[in-house]
Amino acid sequence: MSRDEIKVIPLGGVCEIGKNMMLYEYDEKILIVDCGVMFPDEDLPGVDLIIPDFSYLRDNRERIAGLVLTHGHEDHVGAMAYFLAEFPEVPIYGGKLTIGIMRGRLREHPIDPQTLNVHEVNPGGTLTAGPFKVEFIRVGHSIPDACGLAITTDLGTVIQSGDFKFDQTPVDGKPPQFARFAQYGEAGVLALLSDTTNAGRPGQTGSESSVRPAIERIFADAPGRIFVASFASNVHRVQQILDIAALYNRRVAYTGRSMLNVSGIATELGYLHPPQPIIDIEDIEDYGDSEVCVLMTGAQGEPMAALSKMARGQNRFVEMRENDTVILSSTPIPGNEGAVFKVINALCLSGAHVYRAPNHAVHVSGHGNQEDLKLMLNLTRPRFAIPYHGEPRHALSYADLCEQVGYNRDEIPFLQVGDVLAVSPDRCEITGQVPAGSVLVDGLTVGDVGNAVLRDRRHLSDDGVVVATVIMDKQSGAILSGPDLTQRGFLHHPNAEDFMAQATQRVRDRLEDLTRAPLGDEQGVARLIREALADFIGSTVRRRPMILPVVMKV
């Protein structure tokens, strides 16, 4: 492999939000940055997670020098269990909280974390993996230990921003390392891969500390219990809620698996400092309504999260009361708006007071707006600017920003998953592709759900299913009984039984007319049943349910 160029290969995280995984190739070695998941939408029924396709890495596993994690969010570390199940020998590098969250996730999988080659690297620390020297540079984000990376080879330095904003008044008092980005800019940066999530938003993203005044006002006025729904990994937000609750003499309980897990890890590692002991959710009835605050998951309207169950009256620990206050300390991820508003409406019907962004200043993004992105460009002054961590619309907005700062739009590449981007001091262009895409996780199965399965699931969810069972004599081929028709998700109205009786008779008539199918040919019988039902249902109700003939031989 040539030493006169660095190859940048996204296995995820471009033209999409989530599933982040970036490869850097130089001098026959591969450095991996992040290994995250993406969550499915309604087009993928029954799918739990989407992870990157590791095919290219399987074919080149002996060349992998290491894997570096920028921070602990699911879209950056969530697929590590699946990666380590195949590549347990690969050295892993990340911040203390990032590694702690990763280890916590591994407990849910048959992987012994003690057998792994894991190294903690603090912001400002460096590591060497093959021909790559990597420095962790602290940035602002909605989780502690978030870092950008300066990846240096003999050819030059590539900076990957990670998820970032420039928070100058952070809750933990640790601002971004502006000087290091500027020092790399002075020395010369070959390329900058920049977060583009908020490239369409003008101005600068607010500080995490800016949400405190609005939340304090809500606490001061709340007449009853207070429930705060937030991302569990937003440790600084959780810390602010804990501090405000103590200020107003409220005891705090956690509920929701991820809130319990991440808060426990963050407290154990010294990132979270509860000013008073956390109480058990089962004990909140021991306190007056004005003495309770519950931190919970479900701010994105996830149906199985604590907030959604509470809104539906199905939370086994908490039942909503009139004058309860609910703070949704987040904004809906694109695509989740409907689920979030459904939860809000249910809460309002129960008599709760609901506060949410942007109506109330109870949330601020962890991603930089346009001025943050321009500042990163001006600090690092890269030869080439490369958008990533965003959808095509975000990349396009970022290209507009780059033009404003002085970059030639023609030199800004728009990457897709699997593209091979060759970067050298005099060029930055896509030169090929590697095998890449999405792998679907359904329960304990990985990659077994394909297009045919998804098509059947969509068919079932849209039109339901009709099952027709007949019993056939295995000697003579005669139909002994049936058809017996059952249906699910197809019809539900007073005339359903009459309709199914008519359909049964139509199939029975066709079976009695059966003369061309060979005796004992169950496939021919099944085909006839399917055709008869499809014709009858299509002509009478204009529906196309999945039809499953079952022919049993006795």
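For the structure itself, look to the data block above.
We now turn to the structure provided with this report. Keep in mind the model is a prediction, meaning the values are calculated, not measured.

### Section: the overall build of the protein
Summing up its helical and strand segments, the protein has 15 helices and 25 strands in all. C-alpha extents for the protein along the principal axes are approximately 85 × 70 × 50 Å. Looking at the protein residue by residue over its 554 residues, the buried ones come to 53%. In the form shown here, the protein has an accessible surface area of approximately 24300 Å², with 48% of it arising from carbon and sulfur atoms.

### Quick look at helix α14 (residues 496–512)
End to end, α14 covers 24 Å across 17 residues, agreeing with the expected 24 Å (1.5 Å per residue, within 8%). Among the residues of α14, A496, F499, M500, A503, T504, V507 and L511 are the ones counted as buried. All buried residues of α14 lie within an arc of 140 degrees about the axis, which places them on one face of the element.

### Details of the side chain of D145
Relative to the elements of secondary structure, D145 occurs in the loop between β9 (132–138) and β10 (147–153). A distance of 2.7 Å separates the side chain of D145 from the side chain of Y271, its partner in a polar contact. Ignoring anything within four residues of it in the chain, the contact list for D145 reads T70, G95, K96, L97, T98, P123 and Y271.

### Quick look at the environment of A526
Position of A526 among the secondary structure elements: in helix α15 (residues 522–541). Spatially, the C-alpha atoms of A526 and L548 are 8.4 Å apart, while their sequence positions differ by 22 residues. For A526, the residues in contact, after removing those within four places along its chain, are P549 and V551.

### Notes on the nonpolar core
Ranked by internal contacts, the top residues of the largest apolar core, which has 55 residues, are F219 and L295. At six residues, helix α7 (residues 235–247) tops the list of elements feeding residues into this core. Of all hydrophobic cores here, the second largest spans 36 residues; its members include L11, F54, L57 and M80.

### So, the sheet that holds strand β6 (residues 92–94)
Across the sheet, eight strands lie side by side as β7-β6-β5-β3-β2-β1-β19-β20; this open sheet has mixed pairing. Taken across any chain shown, the strands that pair with only one partner, and hence form the sheet edges, are β7 (118–120) and β20 (427–433). Here the average twist between neighbouring strands, direction ignored, is 25 degrees. Inspection of the sheet shows strand β2 (residues 21–26) paired to strand β3 (residues 29–33) by five bridges, in the antiparallel sense. Residue pairing in the sheet places Y26 in a bridge with K29 of β3. Where helix α4 (residues 96–106) meets the sheet, it contacts β6 and β7, and its direction lies at approximately 145 degrees from that of β7.

### Observations concerning the packing of aromatic side chains
By the definition in use, this model includes seven aromatic pairs. An aromatic cluster is present here, built from F164, F166, F178 and F181 joined pairwise through their rings.

### Observations regarding the pattern of salt bridges
When their charged atoms lie close together, side chains carrying opposite charge are able to pair. Here the structure, examined in full by the defined rule, presents 22 salt bridges. With a shortest N-O distance of 3.1 Å, K19 and E16 are connected by a salt bridge. The exposure class of K19 is buried, given its relative accessible area of 1%. Two residues, E89 and R61, come together in a salt bridge whose shortest N-O distance is 3.1 Å. One end of the pair, E89, is in the loop between α3 (80–86) and β6; the other, R61, is in the loop between α1 (55–59) and β5 (64–68), with 28 residues separating them in the sequence. For E89, a relative accessible area of 41% gives the class partly exposed. Through salt bridges with shared partners, a single network forms among R225, E285, D289, R321 and D324.

### Re helix α6 (residues 212–221)
Looking at α6, one finds that the buried residues are A214, I215, I218 and F219. Buried positions in α6, seen along its axis, are confined to an arc of 140 degrees and lie on one side of it. For α6, the exposed residues set more than 90 degrees away from the buried face come down to R217 and D221. Buried residues belonging to α6 abut β13 (226–229), α7, β15 (292–296), β16 (325–328) and β17 (353–356).

About the cut-offs
- Residues numbered from 1 in each chain as written.
- Predicted model: local features only at pLDDT ≥ 70, side-chain atom pairs only at ≥ 80, totals over all residues.
- Heavy atoms only, no water.
- Helix = DSSP H or I, 4+ residues; strand = E, 2+ residues; numbered from the N terminus.
- Buried < 20%, exposed > 50% of the residue type's maximum accessible area, 1.4 Å probe, protein only.
- Areas by Shrake-Rupley, 256 points an atom, 1.4 Å probe, with all protein chains shown as cover.
- Expected span 1.5 Å × (residues − 1).
- Arc of directions from axis to C-beta.
- Polar contact = N/O pair within 3.5 Å; in protein donor to acceptor, adjacent residues only side chain to side chain.
- Contact = heavy atoms within 4.5 Å.
- Core = buried A, V, L, I, M, F, W, Y, C linked by side-chain atoms within 4.5 Å.
- Pairing = 2+ DSSP bridges.
- Axes fitted to C-alpha atoms, helices over the stretch in contact; angles between N-to-C directions.
- Phe/Tyr/Trp six-rings, centres within 6.5 Å; stacked < 30°, edge-to-face > 60°.
- Salt bridge = Lys/Arg side-chain N within 4 Å of Asp/Glu carboxyl O.

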